[in-house]
Amino acid sequence: MPTTIVLPDGCWPLLASNLLLSTQAVMVLNRRKIAKIEYPQMYAEKAEVEKSPDALNFNSMQRVHGNTLENIKMLTVCTILTALHYPIFAAITSGCWVVGRILYTQGYLQAPDIRNKRGGFLSQIAFFALQAGAIVSVAQLLGSKFW
């Protein structure tokens, strides 16, 4: 029997986060090929990194993608919960998170010494705002049972 899942308004930036993950995955694959890092090896070894800037670039992209994967689960849950009561706020903050992750990806690859500063701050602020929105939204759903 088919089931219909209806997401609340304000969840459209989740599509952008999916596009972000897909783009990062392609970037990892391209850098893997350039660095000649064979599967199933997850990262270039220290000796490979010391010999080749391509190996370092592959490791950096792999870390960026992995970090995004670690965060996307909670972002999705928080966006959906926040959008139940605050769809515009959910859309804006999750959109800011995606923009922040794009800047984070570029910064991580271009400037290893300051990699977390570019975009990382924006995505973290947006993520914390979504967490707060999710808490408030759930509290409203629970009503007097919560307080």
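What counts and what doesn't
Residues numbered from 1 in each chain as written. Predicted model: local features only at pLDDT ≥ 70, side-chain atom pairs only at ≥ 80, totals over all residues. Heavy atoms only, no water. Core = buried A, V, L, I, M, F, W, Y, C linked by side-chain atoms within 4.5 Å. Buried < 20%, exposed > 50% of the residue type's maximum accessible area, 1.4 Å probe, protein only. Helix = DSSP H or I, 4+ residues; strand = E, 2+ residues; numbered from the N terminus. Contact = heavy atoms within 4.5 Å. Axes fitted to C-alpha atoms, helices over the stretch in contact; angles between N-to-C directions. Parallel < 35°, antiparallel > 145°, perpendicular 65-115°, else oblique. Left-handed = near helix turned anticlockwise from the far one by under 90°. Expected span 1.5 Å × (residues − 1). Bend = angle between axes of the 7 residues up to and from the residue. Polar contact = N/O pair within 3.5 Å; in protein donor to acceptor, adjacent residues only side chain to side chain.

Engineer: For this particular structure, what's the right way to read the nonpolar core?
Structural biologist: Looking at soluble globular proteins, one finds that nonpolar side chains tend to be buried together. Ranked by size, the top nonpolar core spans 15 residues in total, and within it Ile72, Leu75, Trp97 and Leu130 carry the most contacts. Taken together, the elements giving at least two residues each to this core come down to helix H1 (13-35), helix H3 (53-85), helix H4 (87-110) and helix H5 (120-142). In this view, Leu130 contacts Leu75, Cys78, Thr79, Thr82, Ala90, Thr93 and Ser94; residues no more than four positions away in its chain are not counted. One finds Val28, Ala44, Phe58 and Tyr104 within the second-largest nonpolar core, a separate group that totals eleven residues.

Engineer: For this particular structure, what's the right way to read the packing of H3 against H5?
Structural biologist: Each pair of packed helices can be summarised by the angle the axes make with each other and by the distance between the axes. At a closest axis distance of 7 Å, the pairing of H3 and H5 adopts a crossing angle of 45°. The orientation of H3 relative to H5 falls into the category oblique. Crossing of H3 against H5: the hand is left-handed. Of the residues in H5, those touching H3 at Asn71, Met74, Leu75, Cys78, Thr79, Leu81, Thr82, Leu84 and His85 are Phe127, Leu130, Gln131, Gly133, Ala134, Ser137, Val138, Gln140 and Leu141.

Engineer: When you look at H3 in this model, what are you seeing that I'm missing?
Structural biologist: Since one α-helical turn is 3.6 residues long, residues separated by three or four positions face the same way. When the terminal C-alpha atoms of H3 are compared, their 48 Å separation across 33 residues agrees well with the 48 Å that a helix rising 1.5 Å per residue should span. Where H3 bends most, the angle comes to about 35°, and this point is Ile72.

Engineer: How do you make sense of the side chain of Thr105 when you look at a structure like this?
Structural biologist: As for its placement among the helices and strands, Thr105 is situated in helix H4. For Thr105, the side chain forms a polar contact with the main-chain oxygen of Arg101, separated by 2.8 Å. Setting aside chain neighbours within four positions, we find Thr105 in contact with Gln24, Met27, Met61 and Val64.

Such coordinate-based values are descriptive only and should not be taken to indicate function.
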